[in-house]
Amino acid sequence: MIKVNEDYLKLPGSYLFSTIAKKVAAFSEANPDKKIIRLGIGDVTQPLCPTVIKALHDAVDEMADAGTFKGYAPDLGYAFLRDTISEKVYKPLGADIASDEIFVSDGAKSDCGNIQEIFAKDVKVAVCDPVYPVYVDTNVMAGRAGSYDPATELWSDVVYMPCTADNGFAPEFPSEVPDIIYLCFPNNPTGATITKAQLQEWVDYAARNRAVIIYDAAYEAYISEPDVPHSIYECEGARECAIEIRSFSKNAGFTGLRLGYTVIPKDLKGENGESLHALWARRHGTKFNGAPYIVQKAGEAVYSEEGQRETREQIAYYMNNAKVIYEGLKAAGYTVSGGVNAPYIWLKTPDNMSSWDFFDYLLEKANVVGTPGSGFGPSGEGYFRLTAFGSYENTVQAIERIKSL
Ligand SMILES: *Cc1c(COP(=O)(O)O)cnc(C)c1O
């Protein structure tokens, strides 16, 4: 029999969202007359905006003509999209990111998962707790996480930075200095943000300790407050110590289309002066054959004037839902955070209920599905995540039900 990758066998249990799906299916089968409202998974529900749809149609037509047909895309992305991102995303922020420092991909999840491949196997990884599970699990798969302790739900070789009400859900510098620091703001799952001054402190910390920050800015488009940075490259010195990962999923509804990108500045170097940019270009060129032309044209259209207006309307729709959830829960006596610069509301479970007990309670009593905070890490225990990605009508109804419990 074939030997399998033992690092994969170390991953505990089943994926959080499969466990939730099973519980919901069982409840639904036992209670066929109940209307279940799902505010659990972080997926968009609004259709793609008209400008994106038009760009898709036009690009399909180009594929039908021998003169404009496109085969393999350049594996680092088409220049039209990389130039647009450099001009429309980074230039207005005062961030000096050249188009050839942008690597177009089929989404941020794969980039978050794959980027660790260019680092040594024995580098120390730090993550926030609670956290987007992809950062930890991909490092487990790479054999970098050590052993798992089911009692604490922690990996022996991972540095955890708890984010709780005590620190305003913002990580503090860890006592053990890491080599790679994953940061995600606005945050999934807590919906928290940090200020530009706080992010600058992290950049300074990384520079001082020769660490690399992997900054996941998937929710950048949801920022509504002025003091919250849209990109890590707004901070001085970030070109020497930070990689930024972005996605078209949450800002323009591309979760099913698939498009994202990663920025690796050319100033970012390994300990012997190696170019991380060159390593990622090598990796990308070897293991990835480019995002579809049609989808990259759709991505370009997001940054047209109409595309920006239409996608901002969608974000405003979700953020209105976020407000309904936030205000409604607050009025019902819950302790809530997030929801102001992110489509996620993070609530403290009442009466010190565990996250999973509250999940069952909400499903049974209100027929509302959310996500148990403990599924994102041990410091998420006692918390619960609701998302603003439902319809307005369902969101209002879900909150009415929770209020009347
Ligand atoms: C949704 C999400 C992404 C985006 O993933 P895609 O693969 O681009 O759809 C990345 N990071 C976080 C934290 C997310 O929640």
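These remarks concern the structure in this document.

Here is what the cut-offs are and how they apply
Along each chain, the written sequence defines residue order, and numbers are assigned to residues from 1. In view of the model being predicted, local features appear only for residues whose pLDDT reaches at least 70, and side-chain atom pairs are presented and counted only at 80 or more, with totals across whole chains, interfaces and linings using the full set of residues. Side-chain numbers here rest on the full set of heavy atoms in the structure, without hydrogens or water. In this scheme, strands are said to pair when DSSP sees at least two bridges between them. A helix here means a DSSP run of H or I that spans at least four residues, while a strand means a run of E at least two residues long, and both kinds are numbered starting from the N terminus. Convention adopted: a line fitted to C-alpha atoms gives each axis, helices being fitted over their contacting stretch, and angles between N-to-C directions are expressed from 0 to 180 degrees. Any two residues having at least one pair of non-hydrogen atoms within 4.5 Å are treated as being in contact. Think of a 1 Å grid over the protein atoms and nothing else: a 1.4 Å probe that fits but is trapped marks a cavity, an open set flanked by protein within 12 Å on at least five of seven lines marks a pocket, and residues with an atom within 4 Å of a point count as lining. Grid points are joined across faces, edges and corners, and a volume is the space filled by probe spheres set on the points. Asp, Glu, Lys and Arg are counted as charged, while Ala, Val, Leu, Ile, Met, Phe, Trp, Tyr, Cys and Pro are counted as nonpolar; the rest, among them Gly, fall into the polar class. If a single non-hydrogen atom of a residue is within 4 Å of a molecule or strand, that residue counts as near it. The term polar contact refers here to a pair of N or O atoms within 3.5 Å; inside protein, the definition further demands a hydrogen-donor-capable atom paired with an acceptor-capable atom, and it admits residues adjacent in sequence only when both atoms are side-chain atoms. A 1.4 Å probe and the Shrake-Rupley method give the accessible areas. Residues count as covered only by the protein chains that appear here.

### Overview of the sheet that holds strand E6 (residues 158–162)
Consider a sheet: its strands pair through backbone hydrogen bonds, and that pairing is either parallel or antiparallel. Taking strand neighbours across the sheet as the criterion, the 7 strands line up as E2-E10-E9-E8-E7-E3-E6 in an open arrangement whose pairing is mixed. Whereas interior strands pair on both sides, the edge strands pair on one side only; in this sheet they are strand E2 (102–105) and E6. Across the sheet, the mean angle from the axis of one strand to that of its neighbour is 20°, orientation sign disregarded. As paired strands, strand E8 (residues 212–216) and strand E9 (residues 242–247) are joined by 4 bridges and run parallel to one another. Counted as the bridge partner of Asp216 is Ile245 from E9. Contacting E2, E8 and strand E10 (260–263), helix H9 (residues 276–287) crosses the sheet at an angle of about 25° to E2.

### Focus on empty space enclosed by the protein
Evaluated as defined, the whole model comprises 2 cavities of 30 Å³ or more. Quantified by volume, the largest cavity comes out at close to 50 Å³. Along the walls of the largest cavity sit Ala217, Ala218, Glu220, Ala221, Arg246, Ser247, Asn251, Tyr261 and Tyr303, which together make up its complete lining. Of the residues assigned to the lining of the largest cavity, the class counts are 5 nonpolar, 2 polar and 2 charged. By volume, the second largest cavity amounts to about 40 Å³. Cys128, Pro130, Val131, Tyr132, Tyr135, Tyr182, Leu183, Cys184, Asn187 and Asn188 together form the lining of the second largest cavity. Counting residues per element, the lining of the second largest cavity draws most heavily on strand E7 (residues 180–184), which supplies 3 residues. Considering only residue class, the lining of the second largest cavity consists of 8 nonpolar, 2 polar and no charged.

### Focus: the site of the ligand
Taken together, 14 residues form the shell around the ligand, and within it Tyr219, Ser247, Ser249, Lys250 and Arg258 come nearest. One nitrogen or oxygen atom from the side chain of Asp216 is found 2.7 Å from a nitrogen atom belonging to the ligand. Interatomic distance of 2.6 Å between a side-chain N/O atom of Ser247 and an oxygen atom of the ligand. Here the ligand, which alone exposes 390 Å², has 94% of that area covered by the protein. Breaking the shell around the ligand down by element, the ones donating at least two residues are helix H5 (108–114) and helix H8 (249–252).

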